[in-house]
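# Chains, contacts and geometry: an overview
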Amino acid sequence: MKMNPRCTYCLLSRVHFQSRLSTDDEDLISKTIQECLKVLTRHYDPEAVSASVATKVHRKCYEVLEDKDPYAVTKKLINQAALKVLPVAKEKIYENNPDDGELFRRAVLASVVANYFDFGIMGFDASEDKFEATFKKYFEHGLDVDDTPKMLGLLQDVVYIADNCGEIFFDALVFDIIKKLGGKLTLVVRGGPILTDVTLEEIKEFEIDKKVDRIMTTGSNAVGVLIEEAPPELLEAMKNSTLIISKGMANYETLSEHNFGPIAYMLLTKCECVADDLGLEQGLSVAKLMNYP
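Since we're looking at a predicted model, the values are computed, not measured. (Residues numbered from 1 in each chain as written. Predicted model: local features only at pLDDT ≥ 70, side-chain atom pairs only at ≥ 80, totals over all residues. Heavy atoms only, no water.)

## As for helix H3 (residues 50-65)
Rules: Note on conventions: DSSP H or I runs of at least 4 residues are helices, E runs of at least 2 residues are strands, and numbering of each starts at the N terminus. The span one expects for a helix is its residue count, reduced by one, times 1.5 Å. Classification of residues uses two cut-offs on accessible area relative to the type maximum, computed with a 1.4 Å probe and protein chains only: under 20% is buried, over 50% is exposed, and between them is partly exposed. What makes two residues a contact is simply this: any of their non-hydrogen atoms within 4.5 Å.
Taking 1.5 Å of rise per residue, 16 residues should cover 22 Å, and H3 covers 23 Å from first to last C-alpha, within 8% of that figure. Within H3, the full set of buried residues consists of Ser50, Ala51, Ser52, Val53, Ala54, Thr55, Val57, His58, Cys61, Tyr62, Val64 and Leu65. Lining the buried residues of H3 we find helix H1 (5-22), helix H2 (26-43) and helix H11 (249-255). Directly after H3, the chain includes Glu66, whose backbone phi takes a positive value near 55 degrees.

Encoded structure:
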C-alpha cells in the first residue's frame with residue numbers, strides 16, 4: 001500500500017501517543033516530534049510504501065526517546081485484558097458443536113475481532129473496559145468479507161504472520177483448528193519491539209510456541225514485513241506455503257506490494273486508507289483471500 005496524505009497526521013499522532021507513554025518530559029516529547037517530522041518530510045512520497053515510512057519514523061522516535069519499547073507496560077495490560085475475554089471467545093466458537101467449516105469460520109472471526117486490540121490509532125477507541133462488549137457485538141455481526149470457505153481447502157502448510165499482543169491469544173484459537181484439520185503451521189512474529197506487536201518474548205512467556213510447528217521472525221522491528229529486512233528462510237517458507245495468513249493492517253500495507261499467494265488478509269478496517277486500498281468501507285471485519293487462482 002502506498003503512502004496517503006492522511007497517513008502523515010495519523011503517524012505523527014501515534015508518535016505523540018507513544019512519546020507520552022515513554023516520558024512526562026514535555027521538552028523531550030517536543031524534540032521527538034520535531035525529529036520525527038524531519039524523517040517524515042525526508043521520506044514522504046506518494047509512491048513510498050506507507051509502513052516503510054512508518055518504520056523509519058518510529059525508529060527515530062524510539063532513538064530520540066532512548067526507549068526501545070515504549071509500549072512495554074501497555075502490552076502487558078493488553079494481554080491481561082485479552083485473557084479476560086478469551087473464555088467468551090472459546091465458548092462462542094465451540095457452541096453447539098459446529099462442523100469443521102463453521103468451526104474454522106468462527107475461530108477466524110474471533111481472531112479478526114481481536115484485531116480491535118490496537119492502542120494509539122488516531123480516532124480509534126480500544127479501551128479495555130469496552131472490549132468484552134465490543135467483542136460480543138462484532139462476533140454476533142460476523143465477517144463482512146468472508147473467504148473462509150476457500151481458505152479451508154488451503155490449510156496444509158500455513159504461514160501465519162501475527163500482529164498485536166492480546167489478539168495473539170485469539171490467533172491461537174485459529175492455530176488449534178488448523179492443527180485439528182491436519183495442517184502444518186509456521187508462526188511469524190516481529191524480530192524486535194515495535195508498537196504493540198507481538199514478539200518472541202510474549203510467544204514464549206505464554207507458551208504459544210507449543211501450539212505451532214515452527215516459529216520465525218520478520219527479521220527486524222519493522223512495521224509490517226519489510227521484504228528487504230526479512231530472513232531468506234522466511235521468504236522461502238512464504239513461497240512454499242499453501243496459504244499465508246496476514247493479520248492486521250501493517251502486514252497488509254507491506255505484503256500487498258508483492259505477489260505472495262494465496263494470501264488471506266485478516267483484519268478490521270480501522271484505517272480509512274487501508275479500507276480504501278482494499279476497496280472496502282471503514283469498520284469492517286475482513287477475511288479476504290487474494291492472489292488465489
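From this point on, the discussion continues.
## A word on the side chain of Thr254
The condition is simple: Residues adjacent in sequence count toward polar contacts only when both atoms are side-chain atoms; beyond that, a polar contact is any pair of N or O atoms within 3.5 Å, and within protein one must be able to donate a hydrogen and the other to accept it.
Within the secondary structure, Thr254 is located in helix H11. Within polar-contact distance, the side chain of Thr254 engages the backbone oxygen of Asn251 at 3.1 Å. Excluding residues within four positions of it along the chain, Thr254 makes contact with Val49, Ala51, Val223, Gly224, Val225 and Leu226.

## What about the domain arrangement of the protein?
Put simply, the rule is: Those domain boundaries reflect an automatic or database domain assignment. Should a side-chain nitrogen of Lys or Arg be within 4 Å of a carboxyl oxygen of Asp or Glu, the pair is scored as a salt bridge.
Domain annotation for the protein reports domain 1 (5-65) and domain 2 (72-290). In this structure, domain 1 and domain 2 have C-alpha centres spaced 25 Å apart. With 18 residues of domain 1 at the interface, the matching set in domain 2 holds 23 residues. Connecting domain 1 to domain 2 are three salt bridges.

## Looking at unusual backbone geometry
The peptide bond linking Gly261 to Pro262 adopts the cis configuration, its omega dihedral lying at 0 degrees. As for its position among the elements, Pro262 is in the loop between H11 and strand S6 (263-268). In this model, Glu66 sits at a positive phi of 55 degrees, which is unusual for a non-glycine residue. Relative to the assigned elements, Glu66 resides in the loop between H3 and helix H4 (72-94). Phi is positive for Asn97, which is not a glycine, with a value near 45 degrees.

## Quick notes on the nonpolar core
To keep it simple, the criterion reads: The nonpolar core is taken to be a set of buried Ala, Val, Leu, Ile, Met, Phe, Trp, Tyr and Cys residues, with the residues joined through side-chain atoms within 4.5 Å.
Among the nonpolar cores identified, the biggest contains 51 residues, and Phe135, Phe170 and Leu187 are the most heavily contacted of them. If you tally residues by element for this core, the top one is helix H8 (residues 167-180), at nine residues. Not counting chain neighbours up to four residues away, the residues in contact with Leu187 comprise Tyr160, Ala162, Ile168, Phe175, Ile203, Ile208, Val212, Arg214, Ile215 and Met216. Core analysis: the second largest hydrophobic core is formed by 47 residues, Ala51, Tyr71, Met238 and Ile244 among them.

## Some points on the sheet that holds strand S1 (residues 145-146)
The criterion, for reference: Strands were regarded as paired on the criterion that DSSP finds at least two bridges between them. Every axis in this analysis is a line fitted to C-alpha atoms, fitted for helices over the stretch in contact. Angles between the N-to-C directions lie between 0 and 180 degrees.
Within the open sheet, the seven strands sit side by side as S1-S7-S6-S5-S2-S3-S4. Their pairing is mixed. Each edge of the sheet is formed by a strand with only one pairing partner; in this case those strands are S1 and strand S4 (214-217). The sheet contact formed by strand S3 (residues 184-189) and S4 spans four bridges and is parallel. The partner of Leu187 across the bridge, within S4, is Ile215. Here helix H5 (residues 100-113) sits on the sheet in contact with S1, strand S2 (157-161), strand S5 (243-247), S6 and strand S7 (285-290), set at roughly 50 degrees to S6. Helix H10 (residues 232-240) rests against S2, S3, S4 and S5 of the sheet, and its axis sits at about 120 degrees to S4.

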